[in-house]
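# Coordinate inspection notes
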Amino acid sequence: MAEAPPRKRASAAKGAGWSISDWWTNGRQNGWKVAAVVGGLILLLMLGTFAYAYATLPDPSKLDLAAGTVIIKDRSGALIEERNAQGARVDPVKLADISTTLRNATVAVEDKHFYQHHGIDWGRVIKAGIIDTLARRPEQGASTITEQLAKIAVLQSPKKSILIKLREAMVATSLESRYTKNQILEMYLNTIFYGHHATGIEAASQVYFGKHASELNLAEASMLAGLPNAPSYYDPLLHRDRAKARQAVVLDAMVSQQMISQAQADEAKDAPLTFVFKENRSSQAPHFVDFVFEQLENLYGPSVVNRGGFVVTTTLDLTLQKAAEHAVAAGQQRLGRLGADNGDFIAIDPKTGEILAMVGSADFFNNDIKGQFNVVTGLRQPGSSFKPYAYEQAFRSHKLTMGNLLDDTSRHFANGQFHDFDNRDMGIITAHKALLLSRNIPALETMQTAGVDNVTQFAHDMGITTPLKSEVTTAIGSSEVRMLDHAVGYGVFATGGTRHDPVSVLEIKDTQGNTLDKPNPPQAKQVISAQEAYLITYILKDYSSQWNLGWNKPFASKSGTTNDFRDAWMMAYSPNLVIGAWVGHTGPGNQNMNGVFGTMVGSSVLRDFINNGLSQANFKVETFQRPSGLVDGPPCQNNANVAPSGSASASASPRAGANVGSEKELYLPGTECAAAATPSPSPSPSPSPLPSLSIVPSIVPSGLTPSASPSASASGSTAPSASSAPTK
């Protein structure tokens, strides 16, 4: 029998070469090992977090139902306002003394499974997790009434974190084991904040309706039940439409839970509400404080914020705040006889976005002028103060330069026949002169040249957050904007192209001085280049002297006046300060003021602040520095250097009487105009300077006539509708 060949070793049988099957097998085994290690670490981290949360858990039996202190300070530590047991109304009552309707409304909108769960509504948690994951941001709330009580009365922390949420769940479970559902609901209704310094439902009933919580009807109860979600946002005094919409949500929830019928809900939605707003308040900047509280509520939740126990250091400078208030009062004293009964003021640091002063109205406590409404954050037509956005977009897109020619002649645009605020035509003028003299027809032409949608998008990039109409009249201020946004936009010019969104809170500490939070400021955004920004500044830095505003410090500025003198604006900026003021009529009677132009706001409100307030505050105004990379040149003799699409004067050449002049212009490289050839050695007359304009122009200002012969006046032309054709 033949001898069998010797068996080879396995390794020898496979050979010395690399095998993909070995890699796959070993790689898969290593992958499982890595996954197991990572999973173990994650589990260990979760167990450690749970253990730490449990070990540091406050005693749930020690509920603090008294109102804590909220102290609001300015940037240097000076007290602005304090809300505590004396400053916030707190009137605890028994559950039996709270109307059943209010109790049902609260449960329906806040926690419909309140009587079924044991502190945590796992169904809502899972739903919220799925929605938040799909949206990639917090979209859905899942806190129960018990968890909210735990957060307000036990944990008392404004922070948001996984650890805090875990503690909330633990405390809520403990509270459910210690107290009955009715006891938890009673504590909750006596603890939550309803706005207007009212903590607890009894105080809220007294403040809003002047009655006890036991006396609330369905309409009143549904209104109050909706407020704790965001008391500032749904404030029925300032935002009646929002409050009514929230009330409808509450009533619909009650119908869904079969607490009331649809007919009862419809009747309550239509029922008139008589508010009394009984509150006492002592504040050095009430509009600003309300603005700060709204920001804090967005960050940490309204009930946590208004339970207190912390100190907020804000961006406000009380010295500048007092100067701003004095300036608004000075403007009212001067312009009140012309029908202006209200005014506002904003000051921000354009390098950081920090709000330094905010006066939301001429008198916070004057209900006749709706004084508690903050006009700085409200919507008003900006008039010609919007024009810099249109010109900047045209300059930066090379559709126009400041030396190019525009036709200031009354004519038809998309929305009708247009003429200027003085019913006069200046003919062919440079874009530089058109903006400096605030001519409306050239601004409309510039809007068409730059592209309407391009300008509106650019304005949004600059900081305007509200919708803008896709219409040519937006160039002259027909779309409403917020003054706070407008200040951010002008801040981009001030900083050389960088946008800093508004900031109001610097730091939050507890009452022992421990830092709880330092909110991160919004990230700065480079919107335009320093050269592009300076083109507008170069024109507007002469605005105050051109219009004889009487300022003694260097600011670039632009005024705005809307149709029928409903709104008068003045915006101004330096490299380290942006300021803006508005005056209007919001009280009884005719809303139109008797000839109040934006320049008059500049010569009264801003003049007082710039000449007196800044000096008293020892605020040093920085001067503008021209960036490198711009080209000097003469005004254009035609528009051959650009090819504006849709411009009526794309190839315009000066005609007899054209008011072009020969002042120095600035250009982005490659867009400059060549000097005009001299036809003969005969001397030319010296150019006349721009006309010096009156700060109180009449319908046809005598000082507005240009040095060159003007074109014929557009007699008989009609203005477009008031809603779409603001004047200068």
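Before any of the text, the structure's been laid out above.
Described below are features of the structure shown in this document. Here the structure is a predicted model, which means the values were calculated and not measured.

Moving on, we come to the environment of Ser478. As for its placement among the helices and strands, Ser478 is situated in the loop between α18 (452-462) and β13 (481-482). The exposure class of Ser478 is buried, given its relative accessible area of 4%. When the C-alpha atoms of Ser478 and Gln381 are compared, they prove to be 5.8 Å apart, with 97 residues separating the residues in sequence.

Going through the model one piece at a time under the given rule, you end up with 20 aromatic pairs. Measuring from centroid to centroid gives 6.4 Å for Tyr389 and Phe493, while their planes differ by 20 degrees, and the two rings are stacked. Of this pair, Tyr389 sits in helix α15 (residues 387-396) while Phe493 is found in helix α19 (residues 483-495), placing the two residues 104 residues apart along the sequence. Through a chain of ring-to-ring contacts, three or more aromatic side chains come together here, namely Phe386, Tyr389, Tyr490, Phe493, Tyr573 and Phe624. If you follow Arg242 out to its NZ or CZ, it ends over the ring of Tyr233, 4.1 Å from the centre.

This part takes up the pairing of strand β1 (residues 70-73). Relative to strand β5 (residues 310-314), β1 runs parallel, the two sharing 4 bridges. Counted as the bridge partner of Ile72 is Val312 from β5. Note: β1 against strand β2 (residues 79-83), 4 bridges, orientation antiparallel. Across the sheet, residue Val70 finds its bridge partner in β2, namely Arg83. In this antiparallel pair of consecutive strands, β1 and β2, the connection spans 5 residues, and Gly77 shows a positive phi of 95 degrees.

We now examine the state of the cysteines. Per the counting criterion, the structure on display carries 1 disulfide. The side chain of Cys636 participates in a disulfide bridge whose partner is Cys673; the two sulfur atoms lie 1.7 Å from each other. Here the S-S torsion is close to 70 degrees, and the disulfide linking Cys636 with Cys673 is therefore right-handed. Placement of the pair is Cys636 in the loop between β21 (631-633) and β22 (665-667) and Cys673 in the segment after β22, with a sequence separation of 37 residues. Of the two residues, Cys636 and Cys673, neither departs from the other in class, the shared state being buried.

Viewed as axis vectors pointing N to C, helix α14 (residues 318-335) and helix α22 (residues 598-616) meet at an angle of 145 degrees, and their least axial separation amounts to 8 Å. Once α14 is placed against α22, the crossing between them reads as right-handed. On α22, the residues that touch Leu320, Ala323, Ala324, His326, Ala327, Val328, Ala330, Gly331, Arg334 and Leu335 of α14 are Met600, Ser603, Ser604, Val605, Asp608, Phe609, Gly613 and Leu614. For the contact of α14 with α22, a count of residues per class yields 11 nonpolar, 5 polar and 2 charged.

So, about the sheet that holds strand β20 (residues 577-584). The strands that make up a sheet are held in pairs by hydrogen bonds between backbone atoms, and each pair lies either parallel or antiparallel. Strand order in the open sheet made by the 5 strands is β7-β6-β20-β19-β18, with antiparallel pairing throughout. Whereas interior strands pair on both sides, the edge strands pair on one side only; in this sheet they are β7 (354-359) and β18 (556-561). Averaged over all pairs of adjacent strands, the angle between their axes in this sheet comes to 10 degrees, without regard to strand direction. Examined bridge by bridge, strand β6 (residues 342-349) and β20 share 7 bridges and lie antiparallel to one another. Pairing of Ile346 across the sheet is with Gly580, part of β20.

Turning our eyes to something else, we now look at the pattern of salt bridges. The full count for this structure, using the stated rule, is 17 salt bridges. For the salt bridge of Asp408 with Arg439, the shortest nitrogen-to-oxygen distance reads 2.7 Å. Pair noted here: Asp408 is in strand β9 (residues 405-408) and Arg439 is in the loop between α16 (431-436) and α17 (440-450), with a separation of 31 residues, a long-range link. For Arg439, a relative accessible area of 0% gives the class buried. Linking Arg499 and Asp501 is a salt bridge whose minimum nitrogen-to-oxygen distance equals 2.8 Å.

Turning next to the sheet that holds strand β16 (residues 515-517). Read from one edge to the other, the open sheet built from 5 strands follows the order β2-β1-β5-β15-β16, with strand pairing classed as mixed. Bordering the open sheet on either side are β2 and β16, each of which pairs with just one other strand. Along the sheet, successive strands turn relative to each other by an average axial angle of 25 degrees, direction set aside. With 2 bridges connecting them, strand β15 (residues 505-510) and β16 associate as antiparallel partners. Counterpart to Ile508 in the pairing with β16 is Asp517. Its contacts with the sheet place helix α12 (residues 286-300) against β1, β2, β5, β15 and β16, and it is angled at close to 60 degrees to β2.

Analysis parameters
Residue positions are given per chain, counted from 1 along the sequence in the order it is written. For a predicted model such as this one, the threshold for reporting local features is a pLDDT of at least 70, and the threshold for listing and counting side-chain atom pairs is 80 or more; totals across whole chains, interfaces and linings nevertheless cover every residue. As a rule here, side-chain values come from all non-hydrogen atoms in the structure, and water together with hydrogens is ignored. We count a stretch as a helix when DSSP gives it H or I for four or more residues in a row; a strand needs E for two or more, and each element gets its number in order from the N terminus. Categorising residues by exposure relies on relative accessible area from a 1.4 Å probe, with only protein chains included: less than 20% of the type maximum marks a residue as buried, more than 50% marks it as exposed, and the intermediate range marks it as partly exposed. Aromatic rings from Phe, Tyr and Trp, taking only the six-membered ring of Trp, are treated as a pair when their centres fall within 6.5 Å; an angle between ring planes under 30 degrees marks them as stacked, one over 60 as edge-to-face, and anything in between as tilted. Both a distance and an angle decide whether a charge sits over a ring: NZ of Lys or CZ of Arg must be within 6 Å of the ring centre and within 35 degrees of the ring normal. When DSSP finds two or more bridges between two strands, those strands count as paired. Throughout, disulfides are identified as pairs of cysteine sulfur atoms within 2.5 Å of each other. Whenever a helix is involved, its axis is fitted only over the stretch in contact; in every case the axis is a line through C-alpha atoms, and angles between N-to-C directions fall within 0 to 180 degrees. Here is the rule for handedness: rotate from the far helix to the near one, and if that takes an anticlockwise turn smaller than a right angle the crossing is left-handed, while a clockwise turn gives right-handed. Residue contacts are counted whenever heavy atoms from the two residues lie within 4.5 Å of one another. By the convention adopted, Pro, Cys, Tyr, Trp, Phe, Met, Ile, Leu, Val and Ala count as nonpolar, Lys, Arg, Asp and Glu as charged, and the other residues, Gly among them, as polar. Here, a salt bridge means any side-chain nitrogen of Lys or Arg that lies within 4 Å of a carboxyl oxygen of Asp or Glu.

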